[in-house]
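# Report on the structure
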Amino acid sequence: MTKSKIQKLIKDNMMLIILILMVIIFCIFSPNFRSFRNIMNVCTQNAYFIIAAIGVALVMISGGTDLSVGQAMAVIGISIAMFMQNLGLPVVVAIILGLIVGIILGCFNGFMANLLRIHPMIVTLATMTLFQGISYTLSGSKSFYGFPDSYINIGQGYVGPISVPVIIVIVVAVVIHLMLEKTCFGRFIYAVGGNAETARLAGINVNKIKVMVFGIAGALFALAAIVLTSRGGSASSNIGPGVEFDCITACVLGGISFIGGEGKVKGAIVGCLILGFLTNGMQMIGMGTYIQYIVKGIILLASIGYDTYQQTKVKKAPAKA
Amino acid sequence: MESKTVLSMKNITKLYPGVVALDNVSVDFKAGEVHALLGENGAGKSTLIKVLSGAITNDGGKIVIGGNEYDHMTPAISRGCGVEVIYQEYNLIGGLSVAENICLGRQMHGLVNKKEMVSVTQELFEKYHININPRAYVKELSTAQQQLVEITKAISKDAQIIVMDEPTAQLTMSEVNNLYEIIRNLKAKGKTVIYISHRLEELFEITDRVTIMRDGAYVTTVDTDKTTRDELITLMVGRELNDSYPKRDCVRDEVALKVEHVSGYHNTDVSFELKKGEILGVSGLVGAGRTELMRVIFGADKKLAGTVYVDGKEVHIHSPKEALELGIGLIPEDRKMQGCFLNSSIEWNISISNIRKLTTGRFIDKKKVRRQAEHYEKMLNIKTPSLEQKVRNLSGGNQQKVVLAKVLAADTEIIIFDEPTRGIDIGARHEIYDLMSDLVKEGKAIIMVSSDMEELLGMSDRIIVLSEGKLTGELKKDEFSQEAIMHLASHE
């Protein structure tokens, strides 16, 4: 009994164990890696990525996918920069307006998916291009610099030894975790992702849930864009795009099902950290960039392969005649 | 007539962790016979078939087929020996034509020759009197037609032993007769048909022998013409089962639901009343618009015209959510795809429709969720080791109870059961019947859509019949008869 419990614990936390093992291995091989500063740095660098991935995780749990994350982040980053510089709005107001822009972009994705009755993946494939057009039109392909210090502090500030972005990640993770696990709304997200028709017949307003999920994801993308642009001190049409596939990779690594209805916030975070530490660790032990890609690819295949293997083994086991 | 044995399964044993799925089962199958496998869900029928088809490997025993002895099968050997299994889920490719599906996997050299495929298919169809256009796309065919294609595909591979798993589950009366015709045809050509079905009357219609299994063990094999229905039931459940339907007399005068001139995409101008304490049977052929009518009333599909009254008040239902709020619940026909969340736990499923009431502050109260699930586990006698068990792992009967619990948890007074016992074994069926009776005795009202004639006649207080989307008649209890229903159902 206890043995099977331990086995289950290991199986449920496989990716976390892989992450810890990986960190330990890098610690052994690289003195530079094992400093608190480096570890904090990696977390801070990846903060925006983790926040965006949590947004994507929400969409995936509800049975969709979002490919427009990166372009949406570019639009939001540029909007905030323009609110502050072109319109001269205070930082707080610019941030609030930025969050609203994020929510609008997200809701638009969800609304279109409902209206056209097509899979969100296709919708966001289209809006990805749409948002790209908007971001270039807004920015005129210029970069924005010279943000107020209070804005820069969001990305670069520290509270004690812990960076502000990491604190934001922790707050986001706790809030979204509680929302998914403890609230009715969270249940409905799993229900819609698990089986939309059953959910509808159980009295759940599936369309509303979908739009809300995309809206919340949009707000998270806005937060990610704020962390990213404030840390880098600049915003442009190139800052943000590219993160979409990393987000999906991290979610899949973290056990969030592509089909929907399954997954946890914890999984998305672990997936992001695996990717983040892997990149950093390989740099620290002096691996070439090209080799890094190869290693990353192999590790991804191996870990996802192992996970799927475990899952199918479990599914085959119970007897049903 | 003594014919030779074409297949013997000897002392087959299959173990799963903690469960003996097959316990030393031995059966012989003869050439030119229709041999039924009968047993409740979990009796081991499907496992035995999977051993035969090589889908799973047996832990003990031998299979003698075509003069060779095998310790176990692989899908390739099984095929090579002329065994073809037609599963309940059809393995056809919707985007290909009928001919392409039938010829799929055949040895054809060089380029794909569509003409040859069509002529091969046409020839087979003529031989078995099947009327389907070989050039049609499979996705455009009805379920019954798809099944015929599947059977033809099996025959085309020169199968000697054809296994049919619940072949009539989704067929209408005339389609079933068509299927019987084909089975008789196969039999006449010396082929063996292994026939798995829950419907006892079918066995008497079509089979020569019946092998009964129970709890993974072989019980006995009987000649169909020397047995009776009652004997089969007794052998199958291992105990005397009271086959009669629960008696009750609880129809009240108050009208729970009134439907006036309702039309949807599949229905025109349907009117009926449902009283409290009443079970209203809804009959009709497949495609008559029964399920569609129920979905319109429940708000799942669009209502184009007409009025619905609940407790005498006119209501406007635009979504299942609104229907549930008015106390109308639906237990859908397709339990797995629409009734429950297969990958979620029992308590999760039961609580999903009233989760808003199971909270403390803003958060879900796990204790309340558990308490409610325990309440329904007891009330409906859901058999499970734990309420955290995934619904996927339950038997059909227990899954249906979970769906019922979910609907009851939403405080429903009017419950629509669409095919309440499809795919559920006979023991659990009667439990469902008893539960339905208990519910109407409490004053709830039930609409029961069913294709099972016996259940319809046994359970209903009144029956309405649909044909081509229209109401063609209503029968009171003293007018009940299969003939009367069929007459109305085939009404033009």
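The shown structure was predicted, so the numbers you read here are calculated from the model rather than taken from an experiment. (Residues numbered from 1 in each chain as written. Chains lettered and ligands numbered in written order. Predicted model: local features only at pLDDT ≥ 70, side-chain atom pairs only at ≥ 80, totals over all residues.)

Turning our attention to the overall build of chain A. Summing up its helical and strand segments, chain A has 15 helices and two strands in all. In terms of overall dimensions, chain A has a C-alpha envelope of 70 × 55 × 35 Å along the principal axes. In chain A, buried positions account for 48% of the 321 residues. Taking contacts inside chain A between residues at least 6 apart in sequence as the whole, the part at least 24 apart equals 78%. (Helix = DSSP H or I, 4+ residues; strand = E, 2+ residues; numbered from the N terminus. Buried ≥ 20, exposed ≤ 12 C-beta atoms within 10 Å, placed from the backbone. Contact = placed C-beta atoms within 7 Å.)

Residues and elements named next belong to chain A. Taking the numbering used here, the UniProt-annotated feature "transmembrane region" (unreviewed entry) corresponds to residues 12–33, 39–60, 91–111, 118–138, 158–180, 211–230 and 291–309. For the annotated span residues 39–60, helix accounts for 95% and strand for 0% of the residues, and the straight-line distance between the end C-alpha atoms is 29 Å. For residues 211–230, helix accounts for 100% and strand for 0%, while the C-alpha atoms at its two ends are 28 Å apart. (UniProt positions renumbered as here; feature names shortened; annotations may be inferred.)

Turning our attention to the sheet that holds strand β11 (residues 255–263) of chain B. All names here are of chain B. Spatially, the four strands line up as an open sheet ordered β12-β11-β14-β15, and their pairing is antiparallel. Where the open sheet ends on each side, the last strands, each with one partner, are β12 (270–275) and β15 (313–315). Shown here is a sheet whose adjacent strand axes are inclined to one another by a mean of 20°, direction ignored. By the bridge criterion, three bridges tie strand β14 (residues 305–310) to β15 in an arrangement that is antiparallel. Within the sheet, the bridge partner assigned to Tyr-309 lies in β15 and is Glu-314. (Pairing = 2+ DSSP bridges. Axes fitted to C-alpha atoms, helices over the stretch in contact; angles between N-to-C directions.)

It is worth spelling out the interface of chain B and chain A at this point. Contacts between the two partners involve 36 residues from chain B, matched on the other side by 21 residues from chain A. Those elements that provide at least two residues to the side of chain B that touches chain A are β2 (19–30), α1 (45–53), α10 (320–325), α11 (335–339) and β18 (363–364) of chain B. Residues that form the side of chain B that touches chain A fall into these classes: 18 nonpolar, 13 polar and five charged. (Nonpolar A, V, L, I, M, F, W, Y, C, P; charged D, E, K, R; others polar.)

All names here are of chain B. Across the sheet, which stays open at both edges, the six strands sit in the order β16-β19-β20-β13-β21-β22 with mixed pairing between neighbours. On the outer flanks of this sheet lie β16 (328–331) and β22 (470–476), each paired with one strand and no other. Adjacent strand axes in the sheet meet at a mean angle of 20° when their direction is disregarded. Taken together, the four bridges between strand β13 (residues 279–283) and strand β20 (residues 445–449) define a ladder with parallel strand orientation. Across the sheet, residue Ile-279 finds its bridge partner in β20, namely Ile-446.

Turning to the domain arrangement of chain B, a few remarks are in order. Residue and element names in this part refer to chain B. One can read the domain layout of chain B as domain 1 (5–237) and domain 2 (255–490). Each of domain 1 and domain 2 has a C-alpha centre, and these two points are 33 Å apart. The interface of domain 1 with domain 2 comprises 10 residues on the first partner and nine residues on the second. Taken together, the residues of the side of domain 1 that touches domain 2 sort by class into five nonpolar, four polar and one charged. (Domains from an automatic or database assignment.)

Now for the packing of helix α5 (residues 69–85) of chain A against helix α6 (residues 91–116) of chain A. All names here are of chain A. Where α5 contacts α6, the axes come no closer than 9 Å and their chain directions differ by 150°. Here α5 lies roughly antiparallel to α6, going by the angle between them. In this structure, α5 crosses over α6, and the sense of that crossing is right-handed. Touching Ala-72, Val-75, Ile-76, Ser-79, Ile-80, Phe-83 and Met-84 of α5 are Val-91, Ala-94, Ile-95, Leu-97, Gly-98, Val-101, Gly-102 and Leu-105, all from α6. Split into classes, the residues belonging to the contact of α5 with α6 amount to 12 nonpolar, three polar and no charged. (Parallel < 35°, antiparallel > 145°, perpendicular 65-115°, else oblique. Left-handed = near helix turned anticlockwise from the far one by under 90°.)

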